Amino acid sequence: MPRKLLERSRSRSSDIYSPSKRSDLMSRVRRSGTVPELRVRAVLDSLDVAFDANDPALPGAPDIIIREQRKVLFVHGCFWHQHPGCSRATMPRTRRAWWQRKLGHNRSRDRRVVAELRRAGWSVAVVWECQTREDTLITRIRRFLGRSQRTPQAVIV
Ligand SMILES: [Zn+2]
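Let me sum up the structure you'll find in this document. These numbers were taken from a predicted model, which means no experiment stands behind them. (Residues numbered from 1 in each chain as written. Predicted model: local features only at pLDDT ≥ 70, side-chain atom pairs only at ≥ 80, totals over all residues. Heavy atoms only, no water.)

**Concerning the side chain of Lys71**
So, step 1. Among the structural elements, Lys71 can be located in strand β3 (residues 71–76).
So, step 2. Among buried Asp, Glu, Lys and Arg side chains, Lys71 stands out as unpaired, with Glu68 the closest opposite charge at 9.6 Å.
So, step 3. In terms of polar contacts, Lys71 uses its side chain to reach the side chain of Gln69, at 2.9 Å.
So, step 4. Aside from chain neighbours lying at most four places away, what touches Lys71 is Ile64, Ile65, Ile66, Trp122, Ser123, Phe144, Leu145 and Gly146. (Helix = DSSP H or I, 4+ residues; strand = E, 2+ residues; numbered from the N terminus. Buried < 20%, exposed > 50% of the residue type's maximum accessible area, 1.4 Å probe, protein only. Lys, Arg positive; Asp, Glu negative; His and termini not counted. Salt bridge = Lys/Arg side-chain N within 4 Å of Asp/Glu carboxyl O. Polar contact = N/O pair within 3.5 Å; in protein donor to acceptor, adjacent residues only side chain to side chain. Contact = heavy atoms within 4.5 Å.)

Encoded structure:
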């Protein structure tokens, strides 16, 4: 088991916060986030899925954690994570070598994080920023959650 997960399972029994304080903190975390992240959370809320947001104890600090199903979702910005084939994944013209190194580093870290989570038994999905505007977002998320048969409530994304 990766070191970070061991730390997490240890810390669970010795949480420094009371349950009500913890839940207050978690809800505050859930209120922050980028617009694409908020769209994904709105879909999950519409499907009545219990999730946590931004767990720094897991590799890569996933944006969404569905513990019940041991699944995580990353909501990636197309530029910063260099979405393959996406028009937003541009390379700045100035300081090109610096940007190539920086963005290349982001991509290799993403690959490493996904591999680490999968080895630890998590299912991992990446939702790209540009895809959070599409009607297919809810379908993709439902498929990832194994809920493709269920009729969702109306959702605006
Ligand atoms: Zn994209």
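**Focus: the sheet that holds strand β2 (residues 64–66)**
So, step 1. The strand order β1-β2-β3-β4 describes an open sheet built from four strands, whose pairing is mixed. At either margin of the open sheet sits one strand with a lone partner, and together these are β1 (52–53) and β4 (123–128).
So, step 2. One ladder, built from two bridges, connects β1 with β2; its direction is antiparallel. Pairing of Ala53 across the sheet is with Ile64, part of β2.
So, step 3. Strands in contact with helix α4 (residues 96–119) are β3 and β4; relative to β3, the strand with the most contacts, it is inclined by about 170°. (Pairing = 2+ DSSP bridges. Axes fitted to C-alpha atoms, helices over the stretch in contact; angles between N-to-C directions.)

**With respect to unusual backbone geometry**
So, step 1. Its identity is not glycine, yet Ala61 carries a phi of approximately 45°, on the positive side.
So, step 2. When you line up the elements, Ala61 lands in the loop between β1 and β2.
So, step 3. The phi dihedral of Arg95 is positive, around 50°, even though this residue is not glycine.
So, step 4. Structurally, Arg95 is set in the loop between β3 and α4.

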